[in-house]
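Commentary on secondary and tertiary structure
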Amino acid sequence: EIRLLDPALLVPAAVLIQKSFNEYNGKMNQPLEFPELKAAQSIVEHNQKLAKTNPSCFTLQATLPDGTLAGVVIVDARDTFARLSQIAISTGGQGKGVGRALMEAAVERAKLYTSAVALCQMAFNNISLALYNSVGFDVVEHLVSIRGLPPATLRPPADVSVARARLTDLDACDALHQRAVRDSTQPDFKISRRWDIEERIGCDDAAQVLCAWDGTRFVGYCAGIDDVSGHLIAETVEAAQALVLAAATLYRSQAEDRQVVLQIMARLYPGFFRWALGPAKLRVHRQTAWMTTHANTVVAGDVVFCGSDSG
């Protein structure tokens, strides 16, 4: 049975997400995705909180005939692209069509609110890649997930300043996102992330939005790049570097375990990729595939775009 997550199953859903991701990463000799349960639990709790006022945000559960929780997926469909994340299937649910049923239900419900759906999938998980492709997802770009903290002594470019975003910056941030991700055949099809950006502006923690300026000209922003749900867009490599270093300074002041997390399209932005692994000393975490149900989606090469765990 597929239905909205029962609030009583919030913690079991978080446990399933943690176990599913960590077990697979362990088999592939990858770093654990959720070393602590609280990280997975906070993601589920946040989406449940959003769901109270936004029906386009929801979590679906799959249960077996005996009532056992067998799968979960988190959906945020407030913007042009619905974003699917934390897709987890229990060992007992594998090979029984649970994954397909859950994905089909998630896509169907998401399209009640928006026209396209996106997700990121670990590139080495061949079974999941094949499943997602069979239910309508195509690979747009391959990403390299990197993380860490740049050296505190690394200085930002002199011509770029970074400041905390204000609501008056929202239009500029959203316009840059629409420029970075677009439809190759429909110029008027706007791929927006306005809801996500607006929610993060004003946050006091690492989720907050930072804006980059070259003099008085807006040149980029980043939003919550301390985990895989954040993203960064900049007009220049220098602006992207300044945003990463400003975010790292913020994270150092908040908690010892915070770090910068980026999903870089290395094919499109080799200069930024070299800087991130070189002077910034970030490390490769894994490779992922960004997939969408909107086949004509393209990413601009004239800006630096680092997407989230769902694009």
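Structure's up top.
Residues numbered from 1 in each chain as written. Predicted model: local features only at pLDDT ≥ 70, side-chain atom pairs only at ≥ 80, totals over all residues. Heavy atoms only, no water.

Here we take up the overall build of the chain. Per the secondary structure count, the chain includes eight helices and 15 strands. In terms of overall size, the chain behaves like a compact globule, its C-alpha atoms giving a radius of gyration of 19 Å where 311 residues would be expected to give roughly 19 Å. Each principal axis of the C-alpha distribution contributes one length, and for the chain these read about 60 × 45 × 35 Å. Residue burial in the chain is summarised as follows: out of 311 residues, 55% are buried. (Helix = DSSP H or I, 4+ residues; strand = E, 2+ residues; numbered from the N terminus. Rg over C-alpha atoms; globule rule 2.2 N^0.38 Å. Buried < 20%, exposed > 50% of the residue type's maximum accessible area, 1.4 Å probe, protein only.)

To continue, consider helix H4 (residues 126-134). All buried positions along H4 are accounted for by Ser-128, Leu-129, Leu-131 and Tyr-132. Down the axis of H4, the buried side of the element spans an arc of 165°, and every buried residue falls inside it. In H4, the exposed positions that point more than 90 degrees away from the buried face belong to Asn-126 and Ile-127. Close packing links the buried residues of H4 with strand E4 (81-89), helix H3 (98-110), strand E5 (116-122) and strand E13 (283-292). Count one or two residues on from H4 and you reach Gly-136, which has phi positive near 115°. (Arc of directions from axis to C-beta. Contact = heavy atoms within 4.5 Å.)

Turning next to the nonpolar core. In terms of nonpolar packing, the biggest core is built from 61 residues, with Tyr-221, Leu-232, Leu-262, Phe-272, Trp-290 and Phe-305 touching the most fellow members. If one sorts the elements of this core by residue count, helix H7 (residues 237-254) sits on top with 10 residues. Excluding residues that lie within four positions of it along the chain, Tyr-221 makes contacts with Cys-173, Leu-176, His-177, Ile-197, Val-209, Leu-210, Cys-211, His-231, Leu-232, Ile-233 and Leu-243. If you look at the next biggest cluster of nonpolar residues, it comprises 28 residues, including Ala-62, Ala-70, Val-73 and Val-75. (Core = buried A, V, L, I, M, F, W, Y, C linked by side-chain atoms within 4.5 Å.)

Further remarks concern unusual backbone geometry. The phi dihedral of Gln-86 is positive, around 50°, even though this residue is not glycine. Mapped onto the elements, Gln-86 comes out in strand E4. Positive phi, close to 55°, is recorded for Lys-281, a residue that is not glycine. Tracing the chain through its elements places Lys-281 in the loop between helix H8 (270-277) and E13.

Side chains carrying opposite charge are able to pair once their charged atoms draw close together. By the definition in use, this model includes 17 salt bridges. In this structure, the salt-bridge partner of Arg-217 is Glu-235, at a minimum N-O distance of 2.5 Å. With a gap of 18 residues between them, Arg-217 in strand E10 (residues 217-223) and Glu-235 in the loop between strand E11 (231-234) and H7 connect regions that are remote in the sequence. A residue is classified by how much of its surface remains accessible, and Arg-217, at 42% relative accessible area, is partly exposed. Members of the salt-bridge network, linked through shared partners, are Asp-76, Arg-78, Asp-79, Arg-83 and Glu-199. (Salt bridge = Lys/Arg side-chain N within 4 Å of Asp/Glu carboxyl O.)

The subject of this paragraph is the pairing of strand E3 (residues 69-76). For E3, the tally of buried residues reaches eight of eight residues, placing the bulk of the element in the interior. Bridge analysis of strand E2 (residues 57-63) against E3 gives seven bridges, and the strand direction is antiparallel. Bridging across to E3, Thr-63 finds its partner in Leu-69. Between the antiparallel neighbours E2 and E3 lie five residues, among them Gly-67 with a positive phi of about 90°. Pairing between E3 and E4: five bridges, direction antiparallel. Bridge assignment links Val-75 to a residue of E4, and that residue is Leu-84. In textbook terms, the turn of a hairpin is the stretch between consecutive antiparallel strands, and for E3 and E4 this stretch comprises four residues. (Pairing = 2+ DSSP bridges.)

That's the geometry; what it means functionally is another story.
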